[in-house]
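Descriptive structure summary
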Amino acid sequence: MWPYRKTHEEALQAIGRNMGGLTVESLEAERWLAHLRAVVASGRGVVLDVNDPPAAVAEAQRQNKLIGYSDAAGVYVIAENALAAMKGLADRDVINGISANALGKQLIEIGAIVRKGADKNSVVKRINGQNIRVLHLRADILTEVETP
């Protein structure tokens, strides 16, 4: 019998447990992004340009479709609005109840969030004279092609 067999098996089991957990965690962020794209593509949510007139913002808000803004520097997602639109489209909790903080960390890990500070998942952006807390995502995030 190999003298390190027990240690080897225990290490492989630990790796397997960790891999399963990491895969599930990263899937939530990927799922969130896929649903974000679907909400925009379906028209259930809109991402306006930061320079759109107040009338366009008011109309999107009136229709409960405003989920964020965009400019050349990125997409600014209003997380609460986006999640509500995702739940409406999917008719369920699309991120399986993970916290906003955990989702933010996962989005950072997969490179979706534009980083401004070491500990920040969200930022405050001034849009149309209002300060709004948003997730600042890469500019290409809504057009990025998903890989199977």
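Relevant structure appears above.
Quick look at the structure, then.

1. Here's the deal with the pairing of strand β1 (residues 46-49)
Pairing of β1 with strand β2 (residues 66-71), which is carried by four bridges, proceeds in the parallel orientation. When the sheet's bridge partners are listed, D49 is paired in β2 with S70. Handedness of the crossover is the feature at issue here: the chain leaves β1, passes through helix α2 (residues 54-62), returns alongside β2, and the resulting connection is right-handed.

2. Thoughts on the nonpolar core
Nonpolar side chains tend toward joint burial in soluble globular proteins. Counting residues in each nonpolar core, the largest one holds 20 residues, and the members touching the most others are W32, L36, V77, L107 and L137. Broken down by secondary-structure element, the contributors of at least two residues to this core are α1 (5-42), β3 (74-77), α3 (79-90), α4 (100-109) and β5 (130-137). Examining the composition of this core, we find that five residues originate from one element, α1, more than from any other.

3. Observations regarding the layout of surface pockets
Looking at the largest pocket, its volume works out to about 230 Å³. Around the largest pocket sit 14 residues that line it, and A79, E80, A100, L103 and L135 are the ones nearest its centre. Looking at the lining of the largest pocket, the elements that each hand over two or more residues are α3, α4 and β5.

4. Comments concerning the environment of G43
Note that G43 resides in the loop between α1 and β1. Its relative accessible area of 27% is what places G43 among the partly exposed residues. For the pair G43 and K65, spaced 22 residues apart in sequence, the C-alpha separation works out to 8.1 Å.

5. Notes on α3
Along its 12 residues, α3 runs 16 Å from first to last C-alpha, staying within 8% of the 16 Å computed at 1.5 Å per residue. Buried residues of α3: A82, A85 and M86, and no others. Seen along its axis, α3 keeps its buried residues to an arc of 105°; they face one direction. Trailing α3 by a residue or two, D91 shows a phi angle of about 60°, which is positive.

6. Digging into unusual backbone geometry
A negative phi holds for most residues other than glycine; trans holds for most peptide bonds. For N64, which is not a glycine, the phi torsion comes out positive at approximately 55°. Tracing the chain through its elements places N64 in the loop between α2 and β2. For N64, a relative accessible area of 71% translates into the label exposed.

7. Brief notes about the sheet that holds strand β4 (residues 123-127)
Judged by pairing direction, the sheet is mixed, and its five strands sit side by side in the order β1-β2-β3-β5-β4 without closing on themselves. In this open sheet, the two edge strands, each paired with only one partner strand, are β1 and β4. Ignoring strand direction, the axes of neighbouring strands in this sheet form an average angle of 45°. The pairing of β2 with β3 spans four bridges and is antiparallel. Opposite S70, over in β3, you have V75 as the bridge partner. Across the sheet, α3 is in contact with β2, β3 and β5; its angle to β2 comes to roughly 125°.

Conventions adopted
- Residues numbered from 1 in each chain as written.
- Predicted model: local features only at pLDDT ≥ 70, side-chain atom pairs only at ≥ 80, totals over all residues.
- Heavy atoms only, no water.
- Pairing = 2+ DSSP bridges.
- Helix = DSSP H or I, 4+ residues; strand = E, 2+ residues; numbered from the N terminus.
- Right-handed = clockwise from strand over helix to strand, strands pointing away.
- Core = buried A, V, L, I, M, F, W, Y, C linked by side-chain atoms within 4.5 Å.
- Buried < 20%, exposed > 50% of the residue type's maximum accessible area, 1.4 Å probe, protein only.
- 1 Å grid on protein atoms, 1.4 Å probe; cavity = no way out; pocket = protein on both sides within 12 Å on 5 of 7 lines; lining within 4 Å.
- Points joined across faces, edges and corners; volume = space filled by probe spheres on them.
- Expected span 1.5 Å × (residues − 1).
- Arc of directions from axis to C-beta.
- Axes fitted to C-alpha atoms, helices over the stretch in contact; angles between N-to-C directions.
- Contact = heavy atoms within 4.5 Å.

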